[in-house]
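Results of the structural survey
Below, each chain spelled out in residue letters.
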Amino acid sequence: MNKRYVMIFTAICGSIFSLLADMPRDYYPNSLEGKNGAELKTELHNLLKNHTRLPYGSRDYNQIACTWTVFKKSDIRPNKKVWDMYSNNSYNFPNGAGATNGMNIEHSVPKSWWGDAANYDGTNALTRFKYDGSYDLHHLTPSDADANMAKSNYPLGVVDSPSFDNGVTKVGTGQANGRATNLFEPADEYKGDFARMYLYFVTCYQDYSWKSSALSMFAQNSYPTLNAYGQSLLLKWHRQDPVSQKEIDRNNAVYSFQGNRNPFIDYPNMVEYIWGDSTNYEFSFSGQSTSAPSISISNDKIEFGYIGTETSKDKEIYIKGKNLTTDITAKLLNNDSGDFSLGMSNLPAHELNTTGINLAITFSPRSIGTRNVTLRLSSDELSAPIDIIISGTVLLSDASYLRIIDIKSTYKKSDEPVRLMLNMNLDTQWTVDGKPATHLTPSELSAGLHTIQFTTTYGTGKMRVQIIE
């Protein structure tokens, strides 16, 4: 298959590449190349889910580093203070083991969203919770306890009416999914951090079954695993707040303990290939990407309706190409009667890629009956041909004058039944006042107006009659 290579630039890529010196390229398999959308996301899922579960809490368990051991590497400011993304309070790490007073371990993605609660087993720091997501340091962070309590398990969003605001964490009501909702809004400098944590989470754990509280942002599927609101918000925050050196250092630190990475920090543009503006392109580590040649059509069915013999009717279908390098062939299948014809059979690739082509289809029938044919668009570089169904029904040239005959407009109830007939000998279904009938029988009808209707392969019609005493 011929492919056309297109360089894709995103606003966040150029400023990031210089910061990735510590990122181990060999962590990411070459099998990610050439993928996009659901396929790329699942490939990452299979990579990320294989990681080490670290003991939860502030005490190392059997000489295995715990959550707070990692925090001392992953969430430390240059001045050696705790880096808290939930408040401006100044916190110190304790000397030796233990947690920082006044701080919690916060699940940035609430653990109630997948059904975990404290002390699932509780016998040790590795069994406190049931799911790996509850231990995952890529979204666990140290948090000011008051902010953590205020944040609760609310979804992310823009808060319009705050009930809690410490200058970094804002909690209150805002619009989500078209209704007022309790939301958590981080400071602008951390919006991208949280977005990439959430995107990591729905990739690493796309096989989780989400509880109702998660459905404010997540969806019960492996792709995109985000509802429309969640996807739009996370993409917006990811683009507005590019990856910082803080995130890169944190990603490296968590990787050194947990053994997996957040790919959306290492390769921010990968987000676009899964959920964003590059889902029609194939991801490449080089920054180049390929897009499979494709065509789009204005509709996948063309109906000519009814047409008389010795007449013709024209319709058009608009065809647009993308990254085509070879022409498209248009061919009519099942057109044995020759009633349909095309304006052109070879559609130039350059014209399809630029302006698109309005392909004319003409219906010139020679005999009565219903016609169904298929317009097939194909080329060697398309993954599969595209078929468009074309249909039309042919009447005799005077069939547009189908009418009921030998029926008067007024009858007495004492009049004899009258057979229902058309001016053409056709297979016809008749109804009188909606009930199947073969005759109009005045004696069976009440005084007043009644409706006679016919249906044939070639058309329908009706008339009103009046019954008098």
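Structure first, text after, so check above.
Scope of this entry: the structure provided in the associated data block.

What counts, and at which threshold
Residues numbered from 1 in each chain as written. Predicted model: local features only at pLDDT ≥ 70, side-chain atom pairs only at ≥ 80, totals over all residues. Heavy atoms only, no water. 1 Å grid on protein atoms, 1.4 Å probe; cavity = no way out; pocket = protein on both sides within 12 Å on 5 of 7 lines; lining within 4 Å. Points joined across faces, edges and corners; volume = space filled by probe spheres on them. Helix = DSSP H or I, 4+ residues; strand = E, 2+ residues; numbered from the N terminus. Nonpolar A, V, L, I, M, F, W, Y, C, P; charged D, E, K, R; others polar. Phe/Tyr/Trp six-rings, centres within 6.5 Å; stacked < 30°, edge-to-face > 60°. Buried < 20%, exposed > 50% of the residue type's maximum accessible area, 1.4 Å probe, protein only. Lys NZ or Arg CZ within 6 Å of the ring centre and 35° of its normal. Salt bridge = Lys/Arg side-chain N within 4 Å of Asp/Glu carboxyl O.

1. Describing empty space enclosed by the protein
Scanning all chains against the criterion turns up one cavity of 30 Å³ or more. Estimates place the volume of the largest cavity at around 80 Å³. Lining of the largest cavity is provided by His138, Asp193, Met197, Lys246, Glu247, Arg250, Asn251, Asn262 and Ile265. Looking at the lining of the largest cavity, the element that brings in the most residues is helix 6 (residues 245–258), giving four residues. By residue class, the composition of the lining of the largest cavity is two nonpolar, three polar and four charged.

2. Looking at the packing of aromatic side chains
Scanning all chains against the criterion turns up 33 aromatic pairs. Between Tyr56 and Phe129, the aromatic rings sit 4.8 Å apart at their centres with planes inclined by 85 degrees, giving edge-to-face as the arrangement. Taken together, the residues Tyr56 in the loop between helix 1 (37–48) and helix 2 (67–74) and Phe129 in the loop between strand 2 (103–107) and strand 3 (140–144) connect sequence positions 73 residues apart. Look at Phe129 and you get buried, because its relative accessible area is 2%. The interplanar angle of 70 degrees and the centroid separation of 5.6 Å between the aromatic rings of Phe129 and Tyr135 together place this pair among those described as edge-to-face. Given the relative accessible area of 2%, Tyr135 is considered buried. Each member of the aromatic cluster is reached from another via a ring pair, and the members are Trp113, Trp114, Tyr131, Tyr198, Phe201, Tyr205, Tyr208, Trp210 and Phe218. Stacked on the ring of Phe285, the Lys or Arg Arg25 has its end atom at 3.6 Å from the ring centre. Sitting over the ring of Trp237, Lys191 keeps its end group 5.3 Å from the ring centre.

3. As for the pattern of salt bridges
The full count for this structure, using the stated rule, is twelve salt bridges. When the shortest N-O distance is used, the salt bridge between Arg53 and Asp132 registers 2.8 Å. Here Arg53, found in the loop between helix 1 and helix 2, pairs with Asp132, found in the loop between strand 2 and strand 3; they are 79 residues apart in sequence, far enough to count as distant. The salt bridge partner of Glu303 is Lys301, with a shortest N-O separation of 3.3 Å. Each of Glu185, Asp188 and Lys191 takes part in one network of salt bridges that share partners.

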